[in-house]
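Observations on chain architecture
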Amino acid sequence: MISKTLPKVYQMDKWYDGLATFLIKKQDKNKKEIIDFSKVKLNKPKKQAYVDENITLMNERILILRKNSTYAEKLLKKSLNTVFGDGSFIFQKGFFFKKHNFFYITDFYSFKYNLVIEVDGNYHKNMDQKEKDLQREETLEKAYRVSILRFTNEQIITNIENIIKTIRNEINSYNSKKDIKNKEVQCKFCKAICKNAEKLKKHYINSHKNFK
């Protein structure tokens with residue numbers, strides 16, 4: 001009988017069977033249900049679902065572009081790996097803009113030098129495409145502060161040495177700016193040492209209020 005779960009004093013009284021039943025049901029009701037989350041399918045927000053879909057689409061397009069690369073792209077890729085080292089430039093690099101849910105794919109990109117190289121086919125001569133390329137460059141420069149070099153297929157095929165020279169000059173310019181930016185400078189008022197020119201400017205504002 002259920003009354004056996006109660007103290008011995010009450011076990012012989014059938015009235016307590018009903019009370020025991022009530023208490024047991026209440027206890028079962030208050031038990032926390034154990035959920036197996038591996039079997040639960042969570043519905044993603046619509047915006048996140050669209051983002052995931054576009055990221056997948058971007059990666060698929062990258063694979064297609066790599067598989068169907070032009071002769072000029074193959075030639076430049078080989079030259080970049082020879083001159084600057086294997087893996088120095090990523091071939092077909094995607095840039096995803098999550099806030100607005102769109103992406104750009106560049107022909108070559110270097111993380112080390114923050115440099116994008118575009119190889120233009122004949123369709124880039126079209127005025128509409130030129131406007132799109134310009135908008136694309138402005139967006140990338142603003143969002144990622146990249147430098148962008150653009151060459152035609154003909155330029156690469158006929159004069160690859162000059163192309164590599166232009167790229168090398170751009171990299172040297174980037175390194176020089178980087179060295180200057182990270183160069184320590186001294187405050188002319190209190191002789192404090194600052195890590196770079198930007199830090200020095202903040203130091204003037206915070207420590208020397210009369211500085212103009």
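It should be noted that the structure appears before, not after, this text.
These notes cover the structure that comes with them. (Residues numbered from 1 in each chain as written. Predicted model: local features only at pLDDT ≥ 70, side-chain atom pairs only at ≥ 80, totals over all residues. Heavy atoms only, no water.)

On to the overall build of the chain. Broken down by element type, the chain carries seven helices and six strands. Counting over 212 residues, the chain shows a buried share of 31%. Here the contacts in the chain between residues at least 6 apart in sequence split such that 49% fall between residues at least 24 apart. Total accessible area on the chain stands at roughly 16400 Å², and carbon and sulfur atoms take up 54% of it. (Helix = DSSP H or I, 4+ residues; strand = E, 2+ residues; numbered from the N terminus. Buried < 20%, exposed > 50% of the residue type's maximum accessible area, 1.4 Å probe, protein only. Contact = heavy atoms within 4.5 Å. Areas by Shrake-Rupley, 256 points an atom, 1.4 Å probe, with all protein chains shown as cover.)

This brings us to the packing of aromatic side chains. According to the stated counting rule, one finds 10 aromatic pairs in the structure shown. Geometrically, the ring pair formed by Phe91 and Phe108 is tilted, given 5.1 Å between the ring centres and 35 degrees between the ring planes. Taken together, the positions of Phe91 in strand S1 (residues 90-97) and Phe108 in strand S2 (residues 102-110) put the pair 17 residues apart, joining distant regions of the chain. For Phe91, a relative accessible area of 8% corresponds to the buried category. Aromatic pair Phe97 and Tyr144: ring centres 5.7 Å apart, planes at 75 degrees, arrangement edge-to-face. Here Phe97, found in strand S1, pairs with Tyr144, found in helix H4 (residues 127-144); they are 47 residues apart in sequence, far enough to count as distant. Among the aromatic residues, those joined into a cluster by ring pairs are Phe95, Phe97, Phe102, Tyr104, Tyr109, Phe111 and Tyr144. The ring of Phe95 has Lys93 lying over it, and the distance from NZ or CZ to the ring centre is 4.4 Å. (Phe/Tyr/Trp six-rings, centres within 6.5 Å; stacked < 30°, edge-to-face > 60°. Lys NZ or Arg CZ within 6 Å of the ring centre and 35° of its normal.)

Spatially, the four strands line up as an open sheet ordered S1-S2-S3-S4, and their pairing is mixed. Edge positions in the sheet fall to S1 and strand S4 (147-152), since each of these pairs with one other strand and no more. This sheet shows a mean twist of 45 degrees between the axes of neighbouring strands, independent of strand direction. (Pairing = 2+ DSSP bridges. Axes fitted to C-alpha atoms, helices over the stretch in contact; angles between N-to-C directions.)

Before going further, it helps to examine the pairing of S4. Alignment of strand S3 (residues 115-120) against S4, held across six bridges, turns out to be parallel. Following the sheet pairing, Glu118 is matched in S4 by Arg150. Regarding the hand of the β-α-β motif, the stretch spanning S3, H4 and S4 is right-handed. (Right-handed = clockwise from strand over helix to strand, strands pointing away.)

Now for unusual backbone geometry. Its identity as a non-glycine residue notwithstanding, Gln92 has a phi of 60 degrees, on the positive side. By secondary structure assignment, the location of Gln92 is in strand S1. Of note in the backbone geometry, Asn114 takes a positive phi value of approximately 50 degrees without being a glycine. When you line up the elements, Asn114 lands in the loop between S2 and S3.

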